[in-house]
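Structural characterization, general
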Amino acid sequence: METNTSYSYKSLEAIRARKEYILKDIQKDDQKIRNLWGNLFHKPDMMVSSKMPSKRISSLMTTGAGVFDGIILAWKLYRKFGKKKRK
C-alpha cells in the first residue's frame with residue numbers, strides 16, 4: 001500500500017484510474033480481513049467423526065485442562081481481590 005499522498009493529476013482519466021486502483025486495493029484488503037475474521041471465529045473440529053478416537057480424546061483433555069485452569073485462576077483471583085476485609 002502506498003503512503004505517498006501527493007499526486008499531480010493531469011486529466012480526469014488519471015483521476016479515474018487512481019480511483020479504480022484505490023478501490024481495488026480496498027476491496028483486496030477487505031477480502032483479506034473477512035478471511036482472517038472468519039478464521040478467527042471458526043469452530044474447531046473437535047468432534048468430527050473422521051478424526052481418530054485418540055485425537056478426539058486428546059483434544060477433549062486439552063480443552064478440559066484449559067477450562068479447569070481458567071476456573072482455578074478465577075478462584076484464586078476472587079480469593080485475592082474479591083473478599084472485603086472488615087475491622
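In short, a report on the structure. These figures come from a predicted structure and were not determined experimentally.

In the structure shown here, the tally under the stated rule is two salt bridges. As a salt-bridge pair, Arg-16 and Glu-13 come within 3.0 Å of each other at their nearest N and O atoms. Here the residue Arg-16 and the residue Glu-13 both occupy positions in helix α1 (residues 12–40), the gap between them amounting to three residues, near one helical turn. Note that Arg-34 and Asp-30 form a salt bridge whose closest N and O atoms lie 2.9 Å from each other. Here Arg-34 pairs with Asp-30, and both are found in helix α1, just four residues apart, close to one helical turn. Classification of Arg-34 as exposed rests on a relative accessible area of 55%. Taking relative accessible area as the criterion, Asp-30 reaches 33% and is therefore assigned partly exposed.

Time to look at α1. Counted at 1.5 Å a residue, the expected span for α1 with its 29 residues is 42 Å, and the 42 Å between its end C-alpha atoms agrees. Sitting at the amino-terminal end of α1 is Ser-11, which places a side-chain oxygen 3.4 Å from the backbone nitrogen of Glu-13.

Another point: a nonpolar patch on the surface. A cluster of nonpolar side chains, namely Tyr-7, Tyr-9, Leu-12 and Ile-15, defines an oily patch on the protein surface of about 380 Å² accessible area. In this structure, Ile-15 sits in helix α1.

Right, let's get into the packing of aromatic side chains. Going through the model one piece at a time under the given rule, you end up with one aromatic pair. With a centroid separation of 5.8 Å and 35 degrees between ring planes, the pair formed by Trp-75 and Tyr-78 is classed as tilted. Taken together, the positions of Trp-75 and Tyr-78, both in helix α2 (residues 53–82) and three residues apart, correspond to about one turn of that helix. Trp-75 gets classed as partly exposed once you look at its relative accessible area, which sits at 48%. Relative accessible area serves as the criterion here: at 46%, Tyr-78 is assigned to the partly exposed category.

What counts and how
- Residues numbered from 1 in each chain as written.
- Predicted model: local features only at pLDDT ≥ 70, side-chain atom pairs only at ≥ 80, totals over all residues.
- Heavy atoms only, no water.
- Salt bridge = Lys/Arg side-chain N within 4 Å of Asp/Glu carboxyl O.
- Helix = DSSP H or I, 4+ residues; strand = E, 2+ residues; numbered from the N terminus.
- Buried < 20%, exposed > 50% of the residue type's maximum accessible area, 1.4 Å probe, protein only.
- Expected span 1.5 Å × (residues − 1).
- Polar contact = N/O pair within 3.5 Å; in protein donor to acceptor, adjacent residues only side chain to side chain.
- Patch = residues over 30% accessible without salt bridge, like charges linked within 9 Å, V, L, I, M, F, W, Y side chains within 5 Å.
- Areas by Shrake-Rupley, 256 points an atom, 1.4 Å probe, with all protein chains shown as cover.
- Phe/Tyr/Trp six-rings, centres within 6.5 Å; stacked < 30°, edge-to-face > 60°.

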